[in-house]
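What follows is each chain in one-letter form.
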Amino acid sequence: MSETDFFLYVDALKWYKQIFDRRQVSPLKGKKWLLIFTVAAAVVLSACTKERVPEKGSESPAENKPEAVEKPSYPFPLTGLLSEEKPNHRAITVMINNHPKARPQSGLQKADVVIEALAEGGITRFLAVFQSEFPERIGPVRSARDYYIRLAKGFDGLFVFHGWSPEAKKLIESQYIDSLNGLFYDGTLFQRVAFRQAPHNSYISYKNILKGAEKAGCDLDTPPAPYRFLSGGETVEGEDVRSVAVSYSTDDFLVRYEYDPAAEKYKRYSGGAQTVDYDTGDPVLLDNVLIVEMDHASLNDGSGRIAIDLESGGRGYLLQKGKMRKIRWENVNGRIAPYDGTEQARLVPGKTWINIVPAPMENVLSVPAQ
């Protein structure tokens with residue numbers, strides 16, 4: 001008997017009770033009929049209950065068991081972190097000013113990879129590579145040098161900059177890389193902020209980068225080739241080292257990395273101050289720090305510009321999970337990649353900072369006693 005039938009009996013019981021009340025049935029006869037219908041209702045209820053209780057060992061119908069649907073996951077090519085959607089965005093590479101008057105910068109905490117190298121006069125600049133996430137504002141944007149352009153090409157990225165050296169100008173004008181130059185978009189795509197003075201005040205928004213790319217007819221739908229990453233079961237090897245310093249010139253360009261065991265990330269300091277975002281105050285937190293030695297040579301152009309050998313490979317150190325190990329770097333299709341023996345070293349999923357330092361590396365690298 002179904003539950004529907006049971007409720008029909010109940011309704012009938014109420015109806016008969018109303019009849020008894022209207023006809024003024026004697027209490028004795030009324031109680032007799034009420035007893036009959038009450039027993040009948042109890043029997044129906046028992047039958048319904050038995051129908052609802054599955055037999056011992058039986059399974060509930062499949063339709064009552066919603067199946068767990070696993071969401072697809074795809075790794076971002078430059079971080080190895082997972083996304084529910086397949087990454088299909090081209091890398092955007094931006095020249096970032098690192099003069100003390102340009103700090104703190106905007107957007108660095110969102111970069112998948114940052115490459116730091118000397119420009120001239122002992123001052124470093126950053127090539128910030130964005131692909132998995134993009135900040136609202138990026139800057140200050142600074143002028144290009146030819147070796148930064150070649151590094152950007154290794155990520156097949158749209159190159160964003162403001163100004164150029166003679167060598168960089170030749171490379172850009174040869175159509176070597178898709179680019180947006182602030183010299184031609186100053187005050188339109190690139191905006192000058194009031195809280196800093198030129199040349200440390202040129203900024204660009206992510207929205208304006210998209211506008212500029214569309215205007216220039218640049219493809220933004222081709223992601224870069226992926227790095228190789230550690231899987232969940234693999235461990236990091238190396239010597240326990242929690243702190244490393246790189247001295248490019250003066251104290252303003254003394255870089256220090258401190259490993260935070262609780263966060264399992266590296267904090268970056270420059271000139272004694274932690275590297276944070278100007279707009280949000282969020283710190284730059286890193287999972288891999290790669291320090292590579294390259295030959296530097298003066299161009300003797302009267303402006304102190306230099307050439308850096310990006311091709312020959314050489315010594316380096318890889319910092320991961322509070323451990324440090326010696327590696328050898330190689331140029332793989334224009335990109336600096338760490339090698340452990342004959343195999344490319346795997347990165348910890350997350351963000352990476354690469355410091356290019358002049359040879360010999362011992363002159364600039366400091367590892368305190370642990």
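Look up a bit, the structure's there.
Keep in mind it's a predicted model, so treat the numbers as computed, not measured. (Residues numbered from 1 in each chain as written. Predicted model: local features only at pLDDT ≥ 70, side-chain atom pairs only at ≥ 80, totals over all residues. Heavy atoms only, no water.)

A few points about the environment of Leu-230
So, point 1. Among the structural elements, Leu-230 can be located in the loop between α6 (206-216) and β11 (239-240).
So, point 2. With a relative accessible area of 16%, Leu-230 lands in the buried category.
So, point 3. Residues Leu-230 and Leu-347 lie 117 residues apart in sequence; the distance between their C-alpha atoms is 5.8 Å.
So, point 4. Excluding residues that lie within four positions of it along the chain, Leu-230 makes contacts with Val-236, Arg-346, Leu-347, Val-348 and Pro-349. (Helix = DSSP H or I, 4+ residues; strand = E, 2+ residues; numbered from the N terminus. Buried < 20%, exposed > 50% of the residue type's maximum accessible area, 1.4 Å probe, protein only. Contact = heavy atoms within 4.5 Å.)

Overview of the pattern of salt bridges
So, point 1. For the structure on display, the rule yields 21 salt bridges.
So, point 2. Between Glu-120 and Arg-145 there is a salt bridge whose closest N-O contact spans 2.5 Å. You can see Glu-120 sitting in the loop between β4 (113-118) and β5 (124-130) and its partner Arg-145 sitting in the loop between β6 (137-138) and α3 (146-153), a full 25 residues away along the chain. Taken individually, Glu-120 and Arg-145 each receive the classification buried, so the pair is uniform in this respect.
So, point 3. Across the salt bridge formed by Asp-186 and Arg-192, the nearest N and O atoms sit 2.9 Å from each other.
So, point 4. Residue Arg-192 is classed as partly exposed on the basis of its relative accessible area, which comes to 39%. (Salt bridge = Lys/Arg side-chain N within 4 Å of Asp/Glu carboxyl O.)

Structural notes on the pairing of strand β12 (residues 243-247)
So, point 1. Extensive coverage of β12 is indicated by the burial of four of its five residues.
So, point 2. Pairing analysis gives five bridges linking β12 to strand β13 (residues 254-260), with the strands arranged antiparallel. By the bridge assignment for β13, Ser-243 is matched with Glu-258.
So, point 3. Joining the antiparallel neighbours β12 and β13 is a turn of six residues.
So, point 4. Two strands pair when backbone bridges link them, and β12 and strand β25 (residues 365-366) are joined in this way by two bridges, in the antiparallel orientation. Following the sheet pairing, Val-246 is matched in β25 by Leu-365. (Pairing = 2+ DSSP bridges.)

Topic: the pairing of β4
So, point 1. Of all the six residues making up β4, six are buried; the element is thus mostly covered by neighbouring parts of the structure.
So, point 2. Of the two faces of β4, the one lined by Val-113, Ile-115 and Ala-117 and the one lined by Val-114, Glu-116 and Leu-118 are each fully buried.
So, point 3. Both β4 and β5 contribute to a ladder of six bridges, which runs antiparallel. Residue pairing across strands places Ile-115 opposite Leu-127, the latter belonging to β5.
So, point 4. Hairpin connection, β4 to β5: the antiparallel pair is bridged by five residues, and Gly-121 has positive phi, about 70°.

Examining the environment of Glu-234
So, point 1. You can see Glu-234 is positioned in the loop between α6 and β11.
So, point 2. The spacing of Glu-234 and Val-348 is 114 residues in sequence and 9.6 Å in space, taken between C-alpha atoms.
So, point 3. Among residues more than four places away in sequence, those in contact with Glu-234 are Phe-229 and Arg-346.
So, point 4. A distance of 2.7 Å separates a polar atom in the side chain of Glu-234 from the backbone nitrogen of Ser-231. (Polar contact = N/O pair within 3.5 Å; in protein donor to acceptor, adjacent residues only side chain to side chain.)

Quick notes on α3
So, point 1. Counted residue by residue, α3 has six buried out of eight residues, so it is predominantly covered.
So, point 2. Buried residues of α3: Asp-146, Tyr-147, Tyr-148, Ile-149, Leu-151 and Ala-152, and no others.

Concerning the packing of α3 against helix α4 (residues 166-173)
So, point 1. Following both chains from N to C, one finds α3 and α4 inclined at 35°, their axes separated by 8 Å at the closest point. Touching Asp-146, Ile-149 and Arg-150 of α3 are Glu-167, Ala-168, Leu-171 and Ile-172, all from α4. (Axes fitted to C-alpha atoms, helices over the stretch in contact; angles between N-to-C directions.)

A short note on the side chain of Arg-305
So, point 1. With respect to the helices, strands and loops of the structure, Arg-305 is situated in the loop between β18 (296-298) and β19 (306-308).
So, point 2. Residue classification places Arg-305 among the buried residues on the basis of a relative accessible area of 19%.
So, point 3. Within the structure, Arg-305 has its side chain in polar contact with the side chain of Asp-301 (distance 3.2 Å).
So, point 4. Once residues within four sequence positions are removed from consideration, Arg-305 is found in contact with Glu-120, Arg-145, Ser-165, Pro-166, Glu-167, Ala-297, Ser-298, Leu-299 and Asn-300.

A closer look at the nonpolar core
So, point 1. With 83 residues, the main nonpolar core has Phe-159, Val-160, Ile-291 and Ile-356 as its most contacted residues.
So, point 2. Filtering out sequence-adjacent residues up to four positions away, Ile-291 remains in contact with Val-244, Val-246, Arg-315, Gly-316, Tyr-317, Leu-319, Asn-355, Val-357, Met-361 and Leu-365. (Core = buried A, V, L, I, M, F, W, Y, C linked by side-chain atoms within 4.5 Å.)

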